[in-house]
Amino acid sequence: MRKLLVTGGAGFIGGNFVHYWCRHYPGDRIVVLDALTYAGNVATLEPMLSHKAIAFVQGDINDRALVERLLHEHDIDTVVHFAAESHVDRSIVDPDAFVRTNVLGTQALLSACRTAWYHEGKWREGTRFHHVSTDEVYGSLAPDEPAFSETTPYAPSSPYAASKAGADHLVRAFVHTYGMPATISNCSNNYGPFHFPEKLIPLTIVNALHGKPLPIYGDGLQVRDWLYVEDHCVAIDRIISTGQPGTTFNVGGRAEHVNIDIVRRLCRELDHQFAGSSALAARFPDCPAAKGAACESLITYVKDRAGHDRRYAIDPSRIAGTLGFEPAETLATGLARTVDWYLSNEPWWRAVMDGSYREWVQKQYSER
Ligand code: NAD
Ligand code: DAU
C-alpha cells in the first residue's frame, strides 16, 4: 500500500490524477495539499472527499513546516508534485507568483522530503518524489527540427517555462547531489475534464456555448502536441511504479496540430452535438449551433502572445520503449469526450468561473 502526498491535487491534472489513482488503487492512502488559488477547485474532488477516500489540506507548498508535518503524520512514501502556476499568459503579466510557487515551492518540497526520508546517508526504502513538468522547458522548434528528446538542451521562453526549468534543475540537483529517488516527466499539452476555462480547449468550448468570440492568437498556426489527461495519469503511474529513479521521461500524445485546427474541430464537434437537440439549444440559446449556424463563425484572430513559442513536439521513445506507454485516446475521441464532459458538467465550470465553490471550502476548512 502506497501513501501519497499529491500537491496541486485540486487543479486540472492533479485532480484527474487523484480520480485515476482512487479508481486503480483503492487500498492506497492519498493526502492532497493544495493552496486553492484561482485554479484549484475542491469540487473536483467532491466524490472522494464525501466518502473520506482521501484527505484534503488547504495549504502552500512553501510552508515547509506544514509539508514536513504531513510527511511525518501520514507516513508518506510517495510525493507526486503537480502544484504550480500553470498559465503562460498570466506569467507574462505577473511572473512573481511563478517563481514563488514553481521554483521556491519545489525547493521547499524537496528539502522537506530530504528531512523526512534521508537519514544516516540513506534514503528510506520505497520512497519516491515525482515532479510533473512540461515540454515548454525546451523552448520552440522550427517546422523541420526533430522533436524534443530528454537530452534536448533547455531553452525556456516564457517566465512560466523558465520557472518550470528552474524547478527541474533543482530536482536534478537533488538526484545528483543527495541521490534522491526522484523522477521527472516533461509532458505536452493536456486536455480533458476539470480544465480551467482559461486554456485554449476549455475556453473555446465555454465561449462557443455563450456565443462569445473564440480568440486565436496571431495566425493560429502554432503547433502543440495534445494528450488526453487520463493518458498523462497512466504515464505518471508507470513512471512511479516502474520508472528508474533519477530518470526523466518525455510524455506526449503523438498528436501535433496547429491551434486553428483544434478550434475548428471543437466547433464541428459542438455543431454535431447540437444538431437536432432542442434540449441543448434551450440551455445555450446564445450558441450559434442553437440556431443552426456554425460555431466557426465565432473565430476571431487577435494580437499574438508575447514571445509565443511556434512549435512543441515530443519524442516519446524513452517512455514507449522502457515503460511500454502509448496514449490510448486519439485526438478525435479525446476531443469528443471533452466536449461531452463540459456539456454534462455545467455546474462545475460555472462554479469555477464565478468562484462560488469558495464558500463551500470556507465552511469545510476554515477551522484548520
Ligand atoms: P492547474 O493550474 O490547473 O492546477 C495547479 C494547482 O496547483 C491548483 O489546484 C492550485 O490551487 C495549486 N497551487 C498553486 N500554487 C500552489 C501553492 N503554492 N501551493 C499549493 N498548491 C498550489 O495546473 P495543471 O494544468 O493541472 O498543471 C499541473 C502541473 O502539470 C503543473 O506543474 C504544470 O506545470 C504541469 N503541466 C501541465 C500541462 C498542461 O497542459 N496543463 C502540461 C504539462 C505539464
Ligand atoms: O506544453 C505544455 C503546456 O501546455 C503546459 O506546461 C502549460 O501549463 C499549459 O497551460 C499549456 O501551455 P500553452 O500555452 O500551450 O496552453 P494554452 O491553452 O494557453 O494555449 C495553447 C495554444 O493556443 C498556444 O499556442 C496559445 C494559443 N491560444 C491560447 C488561448 C488561451 C490561442 O490562440 N487563444 C487563446 O485564447
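Structure: above.
It should be emphasised that the depicted structure is a prediction, and the values quoted were computed from it without experimental measurement.

**Topic: the packing of aromatic side chains**
Here the structure, examined in full by the defined rule, presents 19 aromatic pairs. Centroid distance phenylalanine 17 to tryptophan 21: 5.3 Å. Interplanar angle 35°. Geometry classified as tilted. Of the two residues, phenylalanine 17 and tryptophan 21 are both situated in helix α1 (residues 12–24); the distance of four residues between them amounts to about one turn of the helix. Each of the two residues, phenylalanine 17 as well as tryptophan 21, counts as buried. On the basis of an interplanar angle of 75° and a centroid distance of 6.3 Å, the ring pair of tyrosine 191 and tryptophan 226 is categorised as edge-to-face. Taken together, the residues span a long stretch of sequence, with tyrosine 191 in strand β9 (residues 189–191) and tryptophan 226 in strand β11 (residues 223–228) at a distance of 35 residues. The burial state of tyrosine 191 is the same as that of tryptophan 226; both residues are buried. Members of the aromatic cluster, each reached through a chain of ring pairs, are Phe17, Tyr20, Trp21, Tyr25 and Phe82. One Lys or Arg, arginine 90, reaches over the ring of tyrosine 38 and ends 3.4 Å from the middle of that ring. Across from the ring centre of tyrosine 178, 3.8 Å away, lies the NZ or CZ of arginine 114, which sits over that ring.

**Observations regarding helix α7 (residues 200–209)**
α7 sits mainly inside the fold: eight of its ten residues count as buried. Of all the positions in α7, only Ile201, Pro202, Thr204, Ile205, Val206, Asn207, Ala208 and Leu209 are classed as buried. Looking one or two residues beyond α7, the residue adopting positive phi is glycine 211, at roughly 70°.

**Some remarks on empty space enclosed by the protein**
The tally for this structure, following the rule as stated, stands at three cavities of 30 Å³ or more. Of the volumes computed, that of the largest cavity is approximately 60 Å³. In terms of lining, the largest cavity is formed by Val88, Ile92, Glu136, Ser158, Arg224, Arg305, Ala306, Gly307, His308, Asp309 and Tyr312. Among the residues making up the lining of the largest cavity, the classes are represented as four nonpolar, three polar and four charged. By volume, the second largest cavity amounts to about 50 Å³. The wall of the second largest cavity is formed by Ala10, Gly11, Phe12, Ala39, Asn41, Thr44, Phe194, Phe196, Trp348 and Val352. Among the residues making up the lining of the second largest cavity, the classes are represented as seven nonpolar, three polar and no charged.

**Quick notes on the site of ligand 1**
Taken together, 28 residues surround ligand 1, and among them Ile13, Asp34, Ser86, Tyr160 and Lys164 come closest. Isoleucine 61 places a main-chain nitrogen or oxygen 3.0 Å from a nitrogen atom of ligand 1. About the coverage of ligand 1: the protein hides 96% of its 840 Å² of free accessible area. Secondary-structure elements contributing two or more residues to the shell around ligand 1 are α1, β7 (128–134), α6 (159–178) and β9. Here the shell around ligand 1 takes three residues from β7, the largest share from any one element. Grouping the amino acids of the shell around ligand 1 by side-chain chemistry returns 13 nonpolar, twelve polar and three charged.

**Examining unusual backbone geometry**
Positioned with a positive phi, phenylalanine 194 is a non-glycine residue whose angle comes to about 60°. By the secondary structure assignment, phenylalanine 194 is in the loop between β9 and α7. We note that arginine 254 has phi near 50°; this positive angle belongs to a residue other than glycine. Mapped onto the elements, arginine 254 comes out in the loop between β12 (248–251) and β13 (256–258). A relative accessible area of 54% means that arginine 254 is categorised as exposed.

**Quick look at the pattern of salt bridges**
On inspection of all chains with the given rule, the structure shows 17 salt bridges. With a shortest N-O distance of 3.7 Å, arginine 268 and glutamate 296 are connected by a salt bridge. In this pair, arginine 268 is assigned in helix α9 (residues 259–274) and glutamate 296 in the loop between α10 (278–283) and β14 (299–302), connecting sequence segments 28 residues apart. Counted as one network, the salt bridges with shared partners bring together Arg23, Glu230, Glu329 and Arg337.

**Topic: α1**
Here α1 contains 13 residues, and its C-alpha end-to-end distance of 19 Å stays within 8% of the 18 Å for a straight helix at 1.5 Å per residue. Burial analysis of α1 places eleven of its 13 residues in the buried class, the great majority of the element. Burial in α1 covers these residues: Phe12, Ile13, Gly14, Gly15, Asn16, Phe17, Val18, His19, Tyr20, Trp21 and Cys22.

**Comments concerning the site of ligand 2**
Near ligand 2 there are 23 residues, and of these Thr134, Asp135, Tyr160, Arg305 and His308 occur at the shortest range. One of the side-chain nitrogen or oxygen atoms of histidine 308 is found 2.7 Å away from an oxygen atom of ligand 2. The fraction of the free accessible surface of ligand 2 (680 Å²) that becomes covered by protein chains is 94%. Of all the secondary structure elements, the ones that give two or more residues to the shell around ligand 2 are α7 and β10 (214–217). In terms of residue count, the dominant contributor to the shell around ligand 2 is β10 (three residues). In terms of residue class, the shell around ligand 2 is made up of nine nonpolar, eight polar and six charged.

Basis of the calculations
- Residues numbered from 1 in each chain as written.
- Chains lettered and ligands numbered in written order.
- Predicted model: local features only at pLDDT ≥ 70, side-chain atom pairs only at ≥ 80, totals over all residues.
- Heavy atoms only, no water.
- Phe/Tyr/Trp six-rings, centres within 6.5 Å; stacked < 30°, edge-to-face > 60°.
- Helix = DSSP H or I, 4+ residues; strand = E, 2+ residues; numbered from the N terminus.
- Buried < 20%, exposed > 50% of the residue type's maximum accessible area, 1.4 Å probe, protein only.
- Lys NZ or Arg CZ within 6 Å of the ring centre and 35° of its normal.
- 1 Å grid on protein atoms, 1.4 Å probe; cavity = no way out; pocket = protein on both sides within 12 Å on 5 of 7 lines; lining within 4 Å.
- Points joined across faces, edges and corners; volume = space filled by probe spheres on them.
- Nonpolar A, V, L, I, M, F, W, Y, C, P; charged D, E, K, R; others polar.
- Near = heavy atom within 4 Å.
- Polar contact = N/O pair within 3.5 Å; in protein donor to acceptor, adjacent residues only side chain to side chain.
- Areas by Shrake-Rupley, 256 points an atom, 1.4 Å probe, with all protein chains shown as cover.
- Salt bridge = Lys/Arg side-chain N within 4 Å of Asp/Glu carboxyl O.
- Expected span 1.5 Å × (residues − 1).

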